[in-house]
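# Tertiary structure, described
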Amino acid sequence: MAIKLIAIDMDGTLLNHQHNITPGVKQAIARAREKGVYVVLATGRPHIGVERYLLELDLQQEGQFCITNNGALVQRAESGDCIAEVTLSFDDYLYFEQLSRELGVHLHALDKSQLYTANQDISEYTVHEAALTGIPLRYRRVEEMDRNLTFPKVMMIDKPELLDRAIARIPAEAYEKYTIMKSAPYYLEILNKQVNKGAGVKALADQLGLAREEVMAIGDQENDLAMLEFAGTGVAMGNAIDAVKAISQFVTKTNMEDGVAYAIEKFVL
């Protein structure tokens, strides 16, 4: 079956180390779209952190989609309106806020438009996330938070060695109840158990009437595993972690060598 949808991770995949899309990658995506292929950015970032790149790729228009917050939200590219969403409750937030304090690491939580932290000593990685994505950062003590809020995801964030020690102490029941995975050495993403990028890609493919054999996914990190397993064609970046390479049908070049363009040329063009 011909590929009709390409789901592309952003950081470490679509973007080079300078957080830019190279001309070669941009050209390959444009050529795929000329063939009528859907190009869908599938990322851990919130919609606000994707808008600049949607615009750059001419994807911020009617009939185009993006998958954000690691699959928690499937959104219309031009408006951010959700066509599918699965979120965490305020009680889920309270559980991980308390747990993060017991484990000695920082935590922040994202709703659809803002990033919240109750850590008075705001983590450098929370500041980094806000700067990288452009999402407004709000310091709010737990008792000041609106209890009606829901969250696409919460994140434990800290220095890699601190975070790894904390991860080793997360109770087994948390893994049974939630999707928990690393997206960077200093980011641990926590989502509703039903959420991952694979579920997000499947929800969109079902909406568009596409079979999994018509889907290609490209990624590099642990949070990309589910969509690479779902896709008929799973492509690991040359710079991907070993677990991603192990479950992919093909390993392309790195994000510094136009790996996304190489994969699109091979399988779509």
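One structure accompanies this document, and this report is about it. (Residues numbered from 1 in each chain as written. Predicted model: local features only at pLDDT ≥ 70, side-chain atom pairs only at ≥ 80, totals over all residues. Heavy atoms only, no water.)

### Side note on the overall build of the protein
Condition: Numbering of helices and strands runs from the N terminus; a helix is a DSSP stretch of H or I covering at least four residues, while a strand is a stretch of E covering at least two. When we talk radius of gyration, it's over C-alpha atoms, and the globule rule is simply 2.2 Å times the number of residues to the 0.38. Partly exposed residues are those whose accessible area sits between 20% and 50% of the maximum for their type, while under 20% is buried and over 50% is exposed, using a 1.4 Å probe and protein chains only. Residues count as neighbours in contact if any of their non-hydrogen atoms are within 4.5 Å of one another. Note on areas: Shrake-Rupley with a 1.4 Å probe; residue coverage comes only from the protein chains shown.
Helix and strand counts for the protein come out as 10 helices and 14 strands. A compact globule built from 269 residues would reach a C-alpha radius of gyration of about 18 Å, and the protein, at 18 Å, matches this within 12%. Projected onto its principal axes, the C-alpha positions of the protein cover 55 × 35 × 35 Å. Buried positions account for 54% of the 269 residues belonging to the protein. Put simply, of all contacts in the protein between residues at least 6 apart along the chain, 60% involve residues at least 24 apart. Surface summary for the protein: the accessible area is close to 11,400 Å², and the carbon and sulfur share equals 47%.

### Some words on the side chain of D220
Basically, it comes down to this: In this tally, Asp and Glu contribute negative charge and Lys and Arg positive charge; neither His nor the terminal groups of the chain are included. Only one rule defines a salt bridge in this text: a Lys or Arg side-chain nitrogen within 4 Å of an Asp or Glu carboxyl oxygen.
By the element assignment, D220 lies in the loop between β12 (215-219) and α8 (225-230). For the buried residue D220, which engages in no salt bridge, the nearest side chain bearing the opposite charge is K197, 6.6 Å off.

### Considerations on the environment of T133
Keep this limit in mind: Think of a polar contact as two N or O atoms within 3.5 Å of one another; within protein, one of them needs to be a possible hydrogen donor and the other a possible acceptor, and neighboring residues in sequence only count if both atoms come from side chains.
In this structure, T133 sits in helix α4 (residues 124-133). In this structure T133 comes out as buried when scored by relative accessible area, which is 5%. Those residues in contact with T133, other than ones at most four positions away along the chain, are R45, P46, I48 and G49. Polar contacts involving the side chain of T133 include one to the main-chain amide nitrogen of I135, which spans 3.3 Å.

### Concerning the sheet that holds strand β3 (residues 65-68)
The following threshold applies: Here, any two strands with at least 2 DSSP bridges between them count as paired. Only the contacting stretch of a helix is used when fitting its axis, a line to C-alpha atoms as for every element, and angles between N-to-C directions run 0 to 180 degrees.
Taking strand neighbours across the sheet as the criterion, the 8 strands line up as β5-β4-β3-β2-β1-β12-β13-β14 in an open arrangement whose pairing is mixed. At either end of the open sheet lies a strand with only one pairing partner, and these are β5 (82-85) and β14 (250-251). When strand β1 (residues 5-8) meets strand β2 (residues 38-42), the two strands line up parallel, connected through 4 bridges. Across the sheet, residue A7 finds its bridge partner in β2, namely V40. Across the sheet, helix α7 (residues 197-208) touches β1, β2, β3, β4 (73-76), β5 and β12, and the angle it forms with β3 is around 155°.

### A word on the nonpolar core
Filter applied, for reference: What is meant by a nonpolar core is a set of buried Ala, Val, Leu, Ile, Met, Phe, Trp, Tyr and Cys residues, joined one to another through side-chain atoms within 4.5 Å.
One finds I6, L14, L41, I218 and I264 to be the most contacted residues of the largest nonpolar core, which totals 52 residues. If we skip the residues at most four places from it in the chain, I6 touches A32, V37, Y38, V39, V40, M216, I218, I264 and V268. Within the second largest apolar cluster, 25 residues are counted, among which are V105, M145, L149 and I190.

### Thoughts on the pairing of β12
Where we set the bar: Classification remark: right-handed applies to a crossover when, strands pointing away from the viewer, the course from the first strand over the helix to the second runs clockwise.
For β12, a buried count of 5 out of 5 residues is recorded, marking the element as mostly surrounded by other parts of the structure. Here β12 shows no split at all, with V215, A217 and G219 on one side and M216 and I218 on the other all buried. In the sheet, β1 pairs with β12 via 4 bridges, with the strands oriented parallel. Among the inter-strand pairings, A7 is bridged to a residue of β12, identified as A217. In this sheet, strand β13 (residues 233-236) lies alongside β12 in parallel orientation, the contact comprising 4 bridges. Residue G219 lies in a different strand from β13, and its bridge partner there is A236. Regarding topology, α8 serves as the crossover connection from β12 to the parallel β13, and that connection is right-handed.

### Quick word on the pairing of β2
With 4 of its 5 residues buried, β2 lies for the most part within the structure. Where the polypeptide runs from β1 across helix α1 (residues 23-34) and back to β2, its parallel neighbour, the crossover connection is right-handed. Where β2 and β3 come together, 2 bridges link them in parallel fashion. Bridge pairing in β3 links A42 to I67. Following the backbone out of β2, through helix α2 (residues 51-56) and into the adjacent parallel β3, one traces a crossover that is right-handed.

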